[in-house]
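The primary structure of each chain is shown beneath.
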Amino acid sequence: MAMRFDGQVAIVTGAGGGLGREHALALAVRGAKVVVNDLGGARDGSGGSATAAESVVAEIEAAGGEAIANAASVTDFAAVQAMVDQAMAKWGRIDILVNNAGVLRDKTFAKMEIEDFRFVVDVHLMGAVNCTKAVWEIMRGQNYGRIVMTTSSSGLYGNFGQSNYGAAKMALVGLMQTLSIEGAKNDVRVNCLAPTAHTRMTEDLGAALPLEALAPALVTPGLLYLVSQDAPSRAILAAGAGGFERAYVTLTQGDFVTGDDAPEQVAARFDAISDRSGEIVPDMGAAQGMIELTKAQKAQKAHGG
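Residues numbered from 1 in each chain as written. Predicted model: local features only at pLDDT ≥ 70, side-chain atom pairs only at ≥ 80, totals over all residues. Heavy atoms only, no water.

A. Just the side chain of D38, in detail. Structurally, D38 can be placed in the loop between β2 (33-37) and α2 (51-62). A polar atom in the side chain of D38 sits 3.4 Å from the backbone nitrogen of A15. (Helix = DSSP H or I, 4+ residues; strand = E, 2+ residues; numbered from the N terminus. Polar contact = N/O pair within 3.5 Å; in protein donor to acceptor, adjacent residues only side chain to side chain.)

B. Summary view of the pairing of strand β5 (residues 145-150). Among the six residues that make up β5, six are buried, leaving the element largely enclosed by the rest of the structure. Burial of β5 is two-sided: the residues G145, I147 and M149 facing one way and the residues R146, V148 and T150 facing the other way are all buried. Sheet topology places strand β4 (residues 96-99) next to β5; four bridges connect them, and they run parallel. Bridging across to β5, I96 finds its partner in R146. Taken together, β4, helix α4 (residues 114-141) and β5 constitute a β-α-β crossover, and its handedness is right-handed. Here β5 runs beside strand β6 (residues 188-196); their pairing, made up of six bridges, is parallel. (Buried < 20%, exposed > 50% of the residue type's maximum accessible area, 1.4 Å probe, protein only. Pairing = 2+ DSSP bridges. Right-handed = clockwise from strand over helix to strand, strands pointing away.)

C. A look at the side chain of T151. Turning to its location among the elements, T151 is positioned in the loop between β5 and α5 (153-157). Among the polar contacts listed, one links the side chain of T151 to the backbone oxygen of K169, at a separation of 2.9 Å. The contacts of T151, once residues within four sequence positions are left out, are K169, M170, V173, C192, L193, A194, P195 and I236. (Contact = heavy atoms within 4.5 Å.)

D. Spatial organisation of the sheet that holds strand β8 (residues 243-247). A sheet is described by the order of its strands in space; here eight strands give the open sequence β3-β2-β1-β4-β5-β6-β7-β8, paired in mixed fashion. At either end of the open sheet lies a strand with only one pairing partner, and these are β3 (67-70) and β8. Along the sheet, successive strands turn relative to each other by an average axial angle of 20°, direction set aside. Against the sheet, α4 contacts β1 (9-12), β4, β5 and β6, and its axis sits at roughly 170° relative to β4. Helix-sheet contacts for helix α6 (residues 163-182) involve β5, β6 and β7 (236-240), and the interaxial angle to β6 is about 160°. (Axes fitted to C-alpha atoms, helices over the stretch in contact; angles between N-to-C directions.)

E. Structural context of the pattern of salt bridges. Summed over the entire model, instances satisfying the criterion amount to 11 salt bridges. Across the pair E137 and R140 runs a salt bridge, and its minimum N-O distance is 3.0 Å. Here E137 and its partner R140 are both found in helix α4, three residues apart, which amounts to about one turn of the helix. What you see here is one network of salt bridges that share partners, running through R21, E22 and E59. (Salt bridge = Lys/Arg side-chain N within 4 Å of Asp/Glu carboxyl O.)

F. Seen up close, the environment of R4. Position of R4 among the secondary structure elements: in the segment before β1. With relative accessibility at 42%, the residue R4 sits in the partly exposed group. Beyond its immediate sequence surroundings of up to four residues, R4 is in contact with V29, R30 and G31. Among the polar contacts made by the side chain of R4, one reaches the main-chain carbonyl oxygen of V29 at a distance of 3.5 Å. A polar contact of 3.4 Å, which involves the side chain of R4, links it to the backbone oxygen of R30.

G. The arrangement of α4 in detail. The end-to-end C-alpha distance of α4 is 39 Å, a good match for the 40 Å that 28 residues give at a rise of 1.5 Å each. Just downstream of α4 lies N143, where phi reads positive at about 55°. (Expected span 1.5 Å × (residues − 1).)

H. Representation of the environment of R21. Residue position: R21 is located in helix α1 (residues 18-29). Since its relative accessible area comes to 26%, R21 is described here as partly exposed. Spatially, the C-alpha atoms of R21 and Y157 are 26 Å apart, while their sequence positions differ by 136 residues.

I. Structural context of the packing of aromatic side chains. Counted under the stated rule, the structure contains one aromatic pair. Relative to F117, the ring of F109 lies with its centre 6.2 Å away and its plane at 80°, an arrangement referred to as edge-to-face. (Phe/Tyr/Trp six-rings, centres within 6.5 Å; stacked < 30°, edge-to-face > 60°.)

Structure follows, in structure tokens:
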């Protein structure tokens, strides 16, 4: 059956171009009413104009869809709340939130001003927090919601010159992990999308990427699944150039070490501690402590305790 979003309302941030635009257009084509949010600023976050968002709304309406433009900065909670209130006043519900807004201020950590670090974290992390907080009780109240955080391989695995961006993007994974647990009983499913696409965010990479193969539209099918009725929850889906992969945060079985020479034992056994055979994906953070206590109990029994 075709994946449809008839009767549903979606908010897509950073939807004036690139990935966000493709997400908004695709949701609208499949029946969703869409709030197209975009500050309309430059790639580094400076400036602002509603023109970009209005242009995408015009595209949606020309194709027979329904949408409204919004130019709120995701860093401004009051403006985000007003955007949510606007959607509720017009359509009465919010089913989908795509946290896609972002900026870049790339420099090596040695050369980066602390304000550039803080601003990128504020947009990516706190912007997603603001938008999610504004819709959270609505989704819980209607016992339905689908939220996607846009993470990045730069956060999952690191990338030279992107300490601010990478830190913010990995923080979104931690946010997703907890919200997926807290939202479960009200069918609020929260996931992460890690895209690879040619947008103005990646244009400086130039010849380093086969840009013609990295159309943003090739990422959007993954996004549509993550916000669908049958979506998973707590998934990190990577997508780009028509390829889809899943990333996991795992925990090895590790080893048990105590005694006065414990630091030396950790060093000597680091390969064993790092052995990935039998690694797990914990259900929640407390699993780490349980595994460690189990090791301690086994060691105590082995020594006749």
